[in-house]
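Here's the letter readout for the chains.
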Amino acid sequence: MPENLDTQFWITLGAIVMAVVASLIALRALARQGQAGHRWKDKSANLDQQIGYYDAIFGTYPGLILVWEGTAPDPDSDWGQPRVLGSPAALASMLRFAEPGGSKDTAKRVLNGLADLNTISETPENKTLRNYIAQLRQDGEPFSISVILPEGNVIEVDGRVAGRQVVLWFEDASIRGEDERTAISRFETSRITAEVDPVAFIEMMSRAPYPFWRMSSSGALNWVNSAYVDAVKASNMREVLTKQIFLDDKSASQAKLVLQSGEKIEDARNIVIGGENKATAISLFPVSGGVAGIAMDASERVELKQALDQQIRAHDELLNSMDEAVVIFGPDQKMRFHNDAFEKFFALDEAWFKDSPGHGLWLDSLRERDLLPPKADYQNWKSAELNLYTEWPDEMPDELWALPDGRTLRLVRMRDPQGGISLMFSDMTDAITLKGQLGTLINVQGATLDRLSEGIAVFGTDGRLKIHNDAFARMWELRDDILKDNPRFSELIEACLPLFHDADFWTELKGRVTDPNPEVRRQVEGEIRRSDDRMLTWLSKPLPDGATLIAWDDVTSARRAEAALIERAEALEEADRLKSEFVGHVSYQLRTPLTTISGYADFLQNGGAGEMNDKQSEYVFAIQSASEDLAKVIDDILDIAAIEANVLDLDLGDVDVYDMLNHALDYVATKAEDTKIALSLSCDKDIGVIRADETRLKQVVYNLLSNALRFTKPGGVIELGGESVASGGVKIWVKDDGVGIPSDKQGQVFQSFESSRGGAGLGLALVQRFVERHGGWVELESAEGEGTHVICYLPQQAASGAGHPELFDQAG
């Protein structure tokens, strides 16, 4: 037990000792740590003091320092976030060239304003500050350059790499030795003056009546003139630069293209300038540090261009409408234009013209396709053709190309003031052929004239005989010695006077030959009786070339035959008159007994003499039918006689064509049913009204239907129709499928008392005369065994002379 206690004692004592030792060690460590903390605090305070000291030193530096810690400046993006050091005067100096913006973007604004200005260095390389910074970032190569400012001053710039830091030093030589407050005040005054008074900034551009502007390398506006301010309707330059007001969206995008390419851009488009939409010419071009632009009114230029384009289009359309082939080569011998006829003349595809082929290539193409005249030495001939561009002769005659395909082309060469050559080809094949044919025609014409029975003489404008035929010489008994050497008209008069000695006639006829007055030379004709009792007709006709044709025709035999025919016609006319009077008289005398017969037949049929049996009634009905037919024949005869005597007047009124045809069809429907013939009406109800004699028209339609019923077999079809015609009026027709009319009889069907199938032969004769009386006409189409189609054409209004004279007297 005591041993256990000793053991526990020693263990407890050891633990206490260890704890004391650990506490002592810990206390010592804490003491040392406190001492180190005091040393670090002292060192930090010392560093802050040094930083403040260095900042104070940098604050007195007459320039601007940009420091990138841990990162390098990126000229192609936003330049990063460098630390800005330097005196306030230096900062104010640099801000003169900075882009508009806030204070947080001071470094970025300054770099964008200076990065693309021209520079001066010890090396001959022509690079901008942006290029030098990019090289410093990539290779760590230091540089010292001078940036040339727009007003001619310079900014000295140095670039260095210090460990992980990149430093740029900017120094404005104009503020060395100048008090900071004085420099800042001067810069602010200069800035305000530049905004308020453009004359002090750039007087010439500021006073320009056209909008001028300048943009930085980042595409931001940094200066505009007063015309620009007015164009965008801003209050002043500050508003334009603050709000970045562009003339239009395209101006900004085009400026970026100029910055990227370094080439100027010129464009013309409509822009709203001062509230008015105008055609404006925009010119953007690179300048030191950015882009400059100018906008000028292009309305007149656009109008002139439009007029020129219109004239060019009209010229091209005119050339394309020509039958001649036209091709234009420029001074460089390249094809500038060709018309449609040129493609057809030489069978060229549209694709062949795609690359503006040259004159020589075109000639080679023609040679390959055998479309050139045969040339013994093609190369020399081709060289001579192309030498015309430099050696144009004083005279250039037309040339004929006889092509292997049989065509003959006339080539006309023309040179334009710019040195180009135009070629025009005319196809002369037909003209040359016609010329040969004309010579042949003249020979044939001479032979033909000699075979004419009429006497022909052609006199020139000088009064001399140019052409004559044998009949002329025979007719006037002229000897060959008189007609040779183109005698004058006055010489021929002396030879003709013995046969016709009317001197006044010959003098007047001579005047028609020699007098240039169109009134005197007009076409005149007449007839003379010569001393030998021969009768001649004559014709004087002016010709297009100024010559005069005189034709003579011996009509002695014709006049004698004409006199005989006149006598015969008068005799026939008298006989026809007597016939008409006789027929009318006889018809009138027949009407009285016919009326008696018809009356007694009606009396018997109605039971006036007692009731009749069926056989008797049938006989009486036959008498009635024959009486009606005979009465109609008599009426037709009287109508024919009245028409031929020209004493039949029409009772004109408004006639509804459809109603008239419909009633006429109903009138003959019973007969059609008895003969089992189908009737049809083909006519619109709204066909309209014409001015005519309705009774006579019904008689026309009834006669046509009666004829059709008479010559159509049972089971046949008859069509009655009517329709308007485009020229005005209507046409009425009756068409059947009956026996038809033989072709040798069709010429007689419209003659009185002529019938191809029996009957009185008056139905169609009356149809034609009634229709003609209205001012219309009748057409007949028929084939034997196929049927007949009769068409009556009627005017919208009947001829005025066909109505009762008293109606027209009242209308007048």
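The rules behind the values
Throughout, a residue's number is its position along its own chain's written sequence, starting from 1. A pLDDT threshold of at least 70 governs which residues receive local features in this predicted model, and a stricter bar of 80 or more applies before side-chain atom pairs are shown or counted, although totals over entire chains, interfaces and linings include all residues. By convention in this description, side-chain values take in all heavy atoms of the structure and omit both hydrogens and water. For helices the rule is a DSSP run of H or I covering at least 4 residues; for strands it is a run of E covering at least 2, with both sets numbered from the N terminus onward. Classification of residues uses two cut-offs on accessible area relative to the type maximum, computed with a 1.4 Å probe and protein chains only: under 20% is buried, over 50% is exposed, and between them is partly exposed. In what follows, residue pairs with any heavy atoms lying within 4.5 Å of each other are defined as contacts. Here the accessible surface of atoms and residues is derived via Shrake-Rupley with a 1.4 Å probe, and residues count as covered only by protein chains that are part of the display. A helix is expected to span 1.5 Å for every residue after the first. Definition of a polar contact: a pair of N or O atoms within 3.5 Å, with one able to donate and the other able to accept a hydrogen when the atoms are protein atoms, and with sequence-neighbouring residues admitted only if both atoms are side-chain atoms. Between rings of Phe, Tyr and Trp, where Trp is taken as its six-membered ring, a pair exists when centres lie within 6.5 Å; planes separated by under 30 degrees are stacked, by over 60 edge-to-face, and by other angles tilted. In this analysis the charged atom, NZ for Lys or CZ for Arg, is taken to sit over a ring once it is within 6 Å of the ring centre and within 35 degrees of the ring normal. Both cavities and pockets are sets of points on a 1 Å grid over the protein atoms alone; in a cavity a 1.4 Å probe fits but cannot get out, in a pocket the set is open with protein on both sides within 12 Å along at least five of seven lines, and lining residues sit with an atom within 4 Å of a point. Grid points are joined across faces, edges and corners, and a volume is the space filled by probe spheres set on the points. Every residue carries a pLDDT, the predictor's confidence in it, which falls somewhere between 0 and 100. For two strands to be treated as a pair, DSSP must find no fewer than two bridges joining them. Working convention: axes come from line fits to C-alpha atoms, limited for helices to the stretch in contact. Angles between N-to-C directions cover 0 to 180 degrees. Residues belong to one nonpolar core when they are buried, are Ala, Val, Leu, Ile, Met, Phe, Trp, Tyr or Cys, and are joined through side-chain atoms within 4.5 Å. By definition, turning the near helix anticlockwise from the far helix through less than a right angle yields a left-handed crossing, and turning it clockwise yields a right-handed one. Note on residue classes: Ala, Val, Leu, Ile, Met, Phe, Trp, Tyr, Cys and Pro are nonpolar, Asp, Glu, Lys and Arg are charged, and everything else, Gly too, is polar.

A word on the overall build of the protein
Okay, step 1: Each helix and strand counted, the protein has 24 helices and 28 strands in total.
Okay, step 2: Considering the protein as a whole, with its 812 residues, one finds that 38% of them fall into the buried category.
Okay, step 3: The long-range share in the protein, meaning contacts at least 24 apart out of those at least 6 apart in sequence, stands at 51%.
Okay, step 4: Of the roughly 47,600 Å² that the protein leaves accessible, carbon and sulfur atoms contribute 53%.

Observations regarding helix α18 (residues 503-514)
Given 3.6 residues per helical turn, the α-helix brings residues three or four places apart onto the same face.
Okay, step 1: Between its first and last C-alpha, α18 extends 17 Å over 12 residues, near the 16 Å set by a 1.5 Å rise per residue.
Okay, step 2: Among all positions in α18, only Phe505, Trp506, Leu509, Gly511, Arg512 and Val513 are buried.
Okay, step 3: Where α18 begins, the capping side chain belongs to Asp502, and its oxygen is found 3.2 Å from the backbone nitrogen of Asp504.

A short note on the packing of aromatic side chains
Okay, step 1: Scanning the model with the defined rule gives 24 aromatic pairs in all.
Okay, step 2: When the centroid spacing of 5.4 Å and the interplanar angle of 70° are considered together, the rings of Trp476 and Trp506 count as edge-to-face. A residue pair is termed long-range when its members are at least 10 positions apart, and Trp476 in the loop between α15 (470-475) and α16 (480-483) and Trp506 in helix α18 qualify at 30 residues. For the pair Trp476 and Trp506, a shared accessibility class is recorded, and that class is buried.
Okay, step 3: Among the aromatic residues, those joined into a cluster by ring pairs are Phe329, Phe342, Phe345, Phe346, Trp352, Phe353, Trp362, Tyr378, Trp381, Trp401 and Phe425.
Okay, step 4: A cation sits over an aromatic face here: Arg530 above Trp476, 5.0 Å from the ring centre.

Looking at empty space enclosed by the protein
Take a probe with the size of a water molecule and roll it over the atoms, and the empty space left behind shows itself.
Okay, step 1: Applying the stated criterion to the full structure yields two cavities of 30 Å³ or more.
Okay, step 2: Within this model, the largest cavity holds a volume of roughly 80 Å³.
Okay, step 3: The wall of the largest cavity is formed by Ala457, Phe459, Phe472, Phe489, Leu492, Ile493, Cys496, Trp506, Leu509, Ile550 and Trp552.
Okay, step 4: Those elements giving two or more residues to the lining of the largest cavity turn out to be β17 (455-459), α17 (489-496), α18 and β21 (548-554).

Digging into the confidence of the model for the protein
Note: predicted coordinates in regions of low pLDDT should not be interpreted at a detailed level.
Okay, step 1: Across the protein, pLDDT averages 78, with 77% of residues at or above 70.
Okay, step 2: Here helix α24 (residues 805-811) stands out as the element of the protein with the lowest mean pLDDT, 42, in contrast to strand β26 (residues 730-736), whose mean of 93 is the highest.
Okay, step 3: Confidence drops under pLDDT 50 across residues 1-9; counting only partners more than four residues distant or on other chains, this segment forms zero contacts.
Okay, step 4: Predicted confidence for residues 805-812 stays below pLDDT 50, and this span has four contacts to residues more than four positions away or in other chains.

Re the pairing of strand β1 (residues 63-69)
Moving residue by residue along a regular strand, the side chains alternate between the two faces of the sheet.
Okay, step 1: Burial of β1 is extensive: six of the seven residues sit out of reach of the surface.
Okay, step 2: Bridge count for β1 against strand β6 (residues 165-172) is seven bridges, and the pairing is antiparallel. Bridging across to β6, Leu64 finds its partner in Phe170.
Okay, step 3: Pairing of β1 with strand β2 (residues 83-86) involves four bridges; the strand directions are antiparallel. Its bridge partner lying in β2, Ile65 is registered against Leu85.

Focus on the environment of Gln260
Okay, step 1: Relative to the helices and strands, Gln260 is located in helix α9 (residues 249-261).
Okay, step 2: Along the chain, Gln260 and Ser217 lie 43 residues apart, while their C-alpha atoms are 9.7 Å from each other.

Notes on unusual backbone geometry
Okay, step 1: Of note, Asp370 is a non-glycine position whose phi angle comes to about 60°, a positive value.
Okay, step 2: Its location among the elements puts Asp370 in the loop between α12 (359-368) and α13 (378-386).
Okay, step 3: Positive phi is not limited to glycine here, since Glu477 has a value of about 55°.
Okay, step 4: In this structure, Glu477 sits in the loop between α15 and α16.

Brief notes about the sheet that holds strand β27 (residues 777-783)
Okay, step 1: In space, the five strands of this open sheet follow the order β23-β25-β26-β28-β27, with mixed pairing throughout. Every interior strand has two partners, whereas the edge strands, β23 (678-683) and β27, have only one. For this sheet the average axis-to-axis angle between neighbouring strands, irrespective of direction, equals 10°.

Thoughts on the sheet that holds strand β13 (residues 335-338)
Across a sheet, strands are paired by hydrogen bonds formed along the backbone, either parallel or antiparallel in direction.
Okay, step 1: Strand order in the open sheet made by the five strands is β13-β12-β16-β15-β14, with antiparallel pairing throughout. Across the chains shown, the open sheet's two edge strands, defined by having one partner strand only, are β13 and β14 (399-402). Neighbour to neighbour, the strand axes of the sheet diverge by 25° on average, direction disregarded.

Overview of the nonpolar core
Okay, step 1: Formed by 39 residues in total, the largest nonpolar core has its most connected members in Leu661, Ile690, Val701, Leu704, Leu705, Leu720 and Ile732.
Okay, step 2: Secondary-structure elements contributing two or more residues to this core are α21 (657-674), β24 (689-692), α22 (694-710), β25 (717-724), β26, α23 (763-773), β27 and β28 (787-794).
Okay, step 3: Among the elements that take part in this core, α22 stands out by supplying eight residues, more than any other.
Okay, step 4: Leave out the neighbours within four places in its chain, and Leu661 touches Leu681, Cys683, Val701, Leu720, Gly721, Gly722 and Ile732.
Okay, step 5: Membership of the second largest hydrophobic core comes to 27 residues, among which are Val327, Phe345, Phe346 and Leu409.

A word on the packing of α12 against α13
Relative placement of two packed helices is described by the angle separating their axes and the distance separating the axes.
Okay, step 1: Where α12 meets α13, the closest approach of the two axes is 10 Å, and the angle between their N-to-C directions is 145°. Handedness of the crossing formed by α12 with α13: right-handed. Where α12 abuts α13, its residues His359, Gly360, Leu363, Asp364 and Arg367 lie against Tyr378, Gln379, Trp381, Lys382, Glu385 and Leu386.
Okay, step 2: By residue class, the composition of the contact of α12 with α13 is four nonpolar, three polar and four charged.

As for the side chain of Arg130
Okay, step 1: In this structure, Arg130 sits in helix α4 (residues 129-139).
Okay, step 2: Arg130 has contacts with Pro75, Trp79, Asn112, Ala115, Asp116 and Ser217, leaving out every residue within four places of it along the chain.

Structural notes on the side chain of Asn469
Okay, step 1: Mapped onto the fold, Asn469 is located in the loop between β18 (465-468) and α15.
Okay, step 2: Polar side-chain contacts of Asn469 include one of 3.1 Å to the backbone nitrogen of Phe472.
Okay, step 3: Apart from the residues within four sequence positions on either side, Asn469 is in contact with Leu449, Asp450, Leu452, Glu454, Gly455 and Ile456.

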